[in-house]
Amino acid sequence: MPTLSIPDLADKVFLVTGASTGIGAGVAEALAAQGARVAIHYNSSGTEAKAVADAIAAAGGNAFLVQGDVSKHDDAVAVVKAAAEHFGALDGVINNAGSMLGRKPIDQADEAYDRAIFDLNAHSVVWVTRAALPWLRKRGGVVINTTSISARNGGGPGAILYAAAKAHVSTITRGLAKELVRDRIRLYAVAPGVILTPLHERFTTAEQMKGLVGGIPMGRPGTVEECVGTYLFLASDMLSGYITGQI
């Protein structure tokens, strides 16, 4: 089977938040396979994050583990600082950390839940991106945010606030793209549909998954591997250098 090669990603430095499992882990491994140096961020899933780093190292890649709760402002800033200082540079950020934190109808949620959803899924994108700007401005770069199809359709049962937070991500992506283009920083968001990740394993029942799949023309959920190529395309100056602000 032919091996994908994107030469301009070699030796670039990327921070991937939420990289211990799911799409984040897949993107981290794919970037490393292209020769990029990758900071693998995790919060509580240390064992899984180490497994990702070990897999990258075993394949001859360069990975650095960095822990922190990016739903907290100071942790988000510290994660960026640790990654950039370790490698001495930062060329790209993949803001992928996020979660539904459980499915709750709006009348069963409370203020703490409301804030937790937005701090993790929306505010962390602002905090990480802002902290990365001094590094990205040095030689240009890219920020790729993980949003969701729910940002367009309002979300599934008990996921309205999650969907709203992801809509925030989509909107700020478009806005920052215009603000930062003169700094040679490109902004994108990837909006996955129903993808088989630990998020659905934790928060989606078999019956709910059946309903979600019923609306998919291909008749099945997607896989992490089917998402990764989009992130690689957008990370590459060679492939997407004249695109910005797109979801």
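Scroll up to find the structure this text is about.
Note that the structure is predicted; figures quoted are calculated from it, not measured.

### Details of the pattern of salt bridges
Applying the stated criterion across every chain, the model contains nine salt bridges. In this structure, the salt-bridge partner of Asp237 is Lys12, at a minimum N-O distance of 3.4 Å. Remark: Lys12 occurs in the segment before β1 (13–16) and Asp237 occurs in helix α10 (residues 237–240); sequence separation between them is 225 residues. A relative accessible area of 38% means that Asp237 is categorised as partly exposed. Of the charged contacts, one joins Arg186 and Asp237 as a salt bridge, the two residues approaching to 2.4 Å between their closest N and O atoms. With a gap of 51 residues between them, Arg186 in strand β6 (residues 185–190) and Asp237 in helix α10 connect regions that are remote in the sequence.

### A short note on the layout of surface pockets
In this structure, the second largest pocket encloses a volume near 280 Å³. In terms of lining residues, the second largest pocket is bounded by 15 residues, among which Gly193, Ile195, Gly222, Glu226 and Cys227 are the most central. The dominant element in the lining of the second largest pocket, judged by the number of residues it contributes, is helix α9 (residues 224–235), at three residues. Among the residues forming the lining of the second largest pocket, the class breakdown is nine nonpolar, four polar and two charged.

### Topic: the pairing of β6
Each regular strand carries side chains that alternate between the two faces of the sheet. Of all six residues in β6, six are buried, a share of seventy percent or more. Both faces of β6 are covered, namely the face carrying Ile185, Leu187 and Ala189 and the face carrying Arg186, Tyr188 and Val190. When strand β5 (residues 141–146) meets β6, the two strands line up parallel, connected through six bridges. Bridge pairing in β6 places Thr146 opposite Val190.

### Looking at the sheet that holds β6
Here six strands make up an open sheet; going across it, the order is β3-β2-β1-β4-β5-β6 and the pairing parallel. Single-partner strands in this sheet number two, and they are β3 (62–67) and β6. Shown here is a sheet whose adjacent strand axes are inclined to one another by a mean of 15°, direction ignored. Strand direction decides the pairing type here: β1 and strand β4 (residues 92–95), joined by three bridges, are parallel. Residue pairing in the sheet places Leu15 in a bridge with Val93 of β4. Of the strands in this sheet, β1, β4, β5 and β6 are in contact with helix α4 (residues 111–139), which crosses β4 at around 170°.

About the criteria used
- Residues numbered from 1 in each chain as written.
- Predicted model: local features only at pLDDT ≥ 70, side-chain atom pairs only at ≥ 80, totals over all residues.
- Heavy atoms only, no water.
- Salt bridge = Lys/Arg side-chain N within 4 Å of Asp/Glu carboxyl O.
- Helix = DSSP H or I, 4+ residues; strand = E, 2+ residues; numbered from the N terminus.
- Buried < 20%, exposed > 50% of the residue type's maximum accessible area, 1.4 Å probe, protein only.
- 1 Å grid on protein atoms, 1.4 Å probe; cavity = no way out; pocket = protein on both sides within 12 Å on 5 of 7 lines; lining within 4 Å.
- Points joined across faces, edges and corners; volume = space filled by probe spheres on them.
- Nonpolar A, V, L, I, M, F, W, Y, C, P; charged D, E, K, R; others polar.
- Pairing = 2+ DSSP bridges.
- Axes fitted to C-alpha atoms, helices over the stretch in contact; angles between N-to-C directions.
- Contact = heavy atoms within 4.5 Å.

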